[in-house]
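Residue-level structural notes
This is what each chain is made of:
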Amino acid sequence: MESAAINSLFRRLATHRFCQRSIHHASASVHPQQRRQSSRYPHAPPQSRGPSARRPRTSVESNWQQRTDAFPEDKADEFQRYPLVTATDLRTRKERPRRVKMLMRDFIEDSLYNPTYGYFSKNVTIFNAGEPFDFNSIPDEPAFQRVLGQRYTEFEDRLDAIEYNETRQLWHTPTELFQPYYAEAIARYMVSNYKLSLYPYHDLLIYELGAGNGTLMLNILDYIRRTDPQVYARTKFRIIEISPMLASLQQKAADRGHAHCVEIINLSIFDWKTYTPDPCFFLALEVFDNFPHDILRYNSFTAQPLQGQVLIDSAGDFFEFYTPHLDPLASRYLQIRSFATQNRLPPTHPLHSPAPWLRKLRHSLPMAPNLTQPEYIPTRLLHFFTLLSRHFPAHRLITSDFSSLPNATPGHNAPVVQTRYQRRTIPVSTPLVQQGYFDILFPTDFGVMEGVYRAVTGRLTRVEGHGEFMERWSDLEGGRLGSGENVWGGGGWFGNAKVMVTV
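In short, a report on the structure. None of the values given here were measured: they were computed from a predicted structure.

1. Examining helix α8 (residues 215–227)
If you check α8, its first and last C-alpha atoms are 18 Å apart, about what 13 residues at 1.5 Å a residue would give, namely 18 Å. By the burial criterion, the buried members of α8 are T215, L216, M217, L218, N219, I220, L221, Y223 and I224.

Structure follows, in structure tokens:
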């Protein structure tokens, strides 16, 4: 931890009642529909953080400031004076910023990816089950839960024997849980489509974004080499990885027999400048959930969107402000979404729920919020689609991610924000938390994003459930338990995930 004070506050949070209702032990049971069990130091209040949050709030409300407390602090003067910065501006900083304001997407990006204090730049640990599970010998799904819990405990015990860390961040992914079968399903899909339309005129060129430990790459290449040596001889695998630590792990995985055909590119995809005209498969698995989002709220009476900014004051406390002036990326997203969905919004959207007349009545009451519930919009995902269209015009996207998440913060398309302490997962109710100590992950509305992707790239797509994809392309017998259940088929684990592919 960075200080004894932070450690003390973390302990107080871990014993708070709201934590006790939602904490679970990674070593005891792993939720089948949620990938991450994250870590680091939380702050609970949604409008400000730290000890200064206890100060009495006595000043008047600003027109720019979302009214959620009865007596919010008036930070309008600071909002006018503080400079607007971006996550790019903060990359070279060694300390968390103060006396600045930024868009919500820049705050999230700085929290997750800052090279010094960002979440993924700190002690990132991805669960490695060791030997693949022998699913056929496991009686049923509860027994698999117990076996997985035991593997979790043993894995973390080994890490603690080397260096004890009560705030270790630990995730699990389908690649690690279901190796090698998960990667082999994706390899079958790629090889089948490659041989159908590209072989022998083009190499099998694969890009993977955010490759974790490198397990997916290793399992895919092992499978292609074993089943189709001629295709393997034409295969090139390139990983684009923002984290230097993970890039090092991926290189070690490549060195296990595939170094000649693997290239690790330690770079943020959003800094990519190279034009790649060759046909390629582009893997983005469990990546979209950590793409930064912007936050919008709507005027309760006119439905005008207002874009959120995060103000960080001199004490390091966070405050939300909203402005009717949308930045170009947010404005473009709303325009493309409107076109792609023909102006049809989901029933849970803030402008649909509750009904407009009831919303106006509710917001007319004394002390009521002056704006709707928040909506989080995937502006970085739009940026990614634009980058694919511009720099990888012949790409075929293969992506899988969560379509819904439990324990999300309030709002439409809102994230799960959680940390981990003493092997317990601790969710909190806001993304405005100490930068670098929390995982912030979003669901993907594939019904909307499929239309946005098509509008940006001009490519056709297919979306299906995670289980449907695995039933079509995996070795189902490998995942069958003694009871007949299949851990990755329809109705299996990761049932809240979907797969989208370019066709």
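Next comes the rest of the account.
2. Examining the pattern of salt bridges
Think of it this way: side chains of opposite charge can pair up when their charged atoms draw near. Applying the stated criterion to the full structure yields 25 salt bridges. One salt bridge connects K75 with E78, and the closest N-O pair in it is separated by 3.7 Å. The pair formed by K75 and E78 is uniform in burial state, with each residue classed as buried. Here E109 ties to R380 by a salt bridge, and the two come within 2.8 Å at their closest N and O atoms. With a gap of 271 residues between them, E109 in helix α4 (residues 104–113) and R380 in helix α13 (residues 379–391) connect regions that are remote in the sequence. Note on E109: relative accessible area 9%, which makes it buried.

3. Focus on the pairing of strand β5 (residues 204–209)
The buried fraction of β5 is high, at 6 of 6 residues. Burial along β5 is two-sided: the residues L204, I206 and E208 and L205, Y207 and L209 are all buried. Of the strand pairs in this sheet, β5 and strand β6 (residues 235–241) are connected by 6 bridges, and their pairing is parallel. Among the inter-strand pairings, I206 is bridged to a residue of β6, identified as F237. Bridge analysis of β5 against strand β8 (residues 280–285) gives 3 bridges, and the strand direction is parallel. Pairing of Y207 across the sheet is with F282, part of β8.

4. A short note on the sheet that holds β8
With mixed pairing, 7 strands are arranged side by side in an open sheet as β7-β6-β5-β8-β13-β18-β17. Each end of this open sheet is capped by a strand with a single partner; those strands are β7 (262–266) and β17 (461–465). Averaged over all pairs of adjacent strands, the angle between strand axes in this sheet comes to 15 degrees, irrespective of strand direction. Sheet strands touched by helix α10 (residues 244–254): β6 and β7. Its angle to β7, the strand with the most contacts, is close to 175 degrees. Packing of helix α15 (residues 466–473) onto the sheet brings it into contact with β13 (395–402), β17 and β18 (497–502), and relative to β17 it is tilted by some 100 degrees.

5. A look at the nonpolar core
One broad rule of soluble globular proteins: the nonpolar side chains tend to lie buried together. Grouped together as the largest cluster of nonpolar side chains are 59 residues, with contacts concentrated most on F178, I186, M190, I220, I224, F237 and L283. Contact partners of L283, with chain neighbours within four places excluded, come to I186, M190, I206, Y207, E208, L209, L216, I220, F237 and I398. Ranked by size, the runner-up nonpolar core spans 38 residues in total, among them Y207, I265, F291 and L397.

6. Focus on unusual backbone geometry
Excluding glycine, a negative phi dihedral is what most residues carry, and trans is how most peptide bonds are arranged. Of note, the bond from Q179 into P180 is cis; its omega dihedral lies within 30 degrees of zero at 0 degrees. Along the polypeptide, P180 turns up in the loop between α6 (174–177) and α7 (181–197). Between Y199 and P200 the backbone carries a cis peptide bond, its omega angle lying at 5 degrees. Turning to its location among the elements, P200 is positioned in the loop between α7 and β5. Residue R423 is not a glycine yet carries a positive backbone phi of 65 degrees. Judged by its relative accessible area of 18%, R423 is buried.

7. Brief notes about the environment of L481
Topologically, L481 is positioned in the loop between α15 and β18. What makes L481 buried here is its relative accessible area of 4%. Separated by 347 residues in sequence, L481 and D134 have C-alpha atoms that sit 8.9 Å apart. Apart from residues lying up to four places away in sequence, L481 is in contact with F135, I138, P139, D140, E141 and V487.

8. A few points about the side chain of H349
On the secondary structure map, H349 appears in the loop between α11 (328–341) and α12 (356–364). Polar contacts involving the side chain of H349 include one to the side chain of E375, which spans 2.8 Å. Excluding residues that lie within four positions of it along the chain, H349 makes contacts with Y298, R337, E375 and H412.

Rules used throughout
Residues numbered from 1 in each chain as written. Predicted model: local features only at pLDDT ≥ 70, side-chain atom pairs only at ≥ 80, totals over all residues. Heavy atoms only, no water. Helix = DSSP H or I, 4+ residues; strand = E, 2+ residues; numbered from the N terminus. Expected span 1.5 Å × (residues − 1). Buried < 20%, exposed > 50% of the residue type's maximum accessible area, 1.4 Å probe, protein only. Salt bridge = Lys/Arg side-chain N within 4 Å of Asp/Glu carboxyl O. Pairing = 2+ DSSP bridges. Axes fitted to C-alpha atoms, helices over the stretch in contact; angles between N-to-C directions. Contact = heavy atoms within 4.5 Å. Core = buried A, V, L, I, M, F, W, Y, C linked by side-chain atoms within 4.5 Å. Polar contact = N/O pair within 3.5 Å; in protein donor to acceptor, adjacent residues only side chain to side chain.

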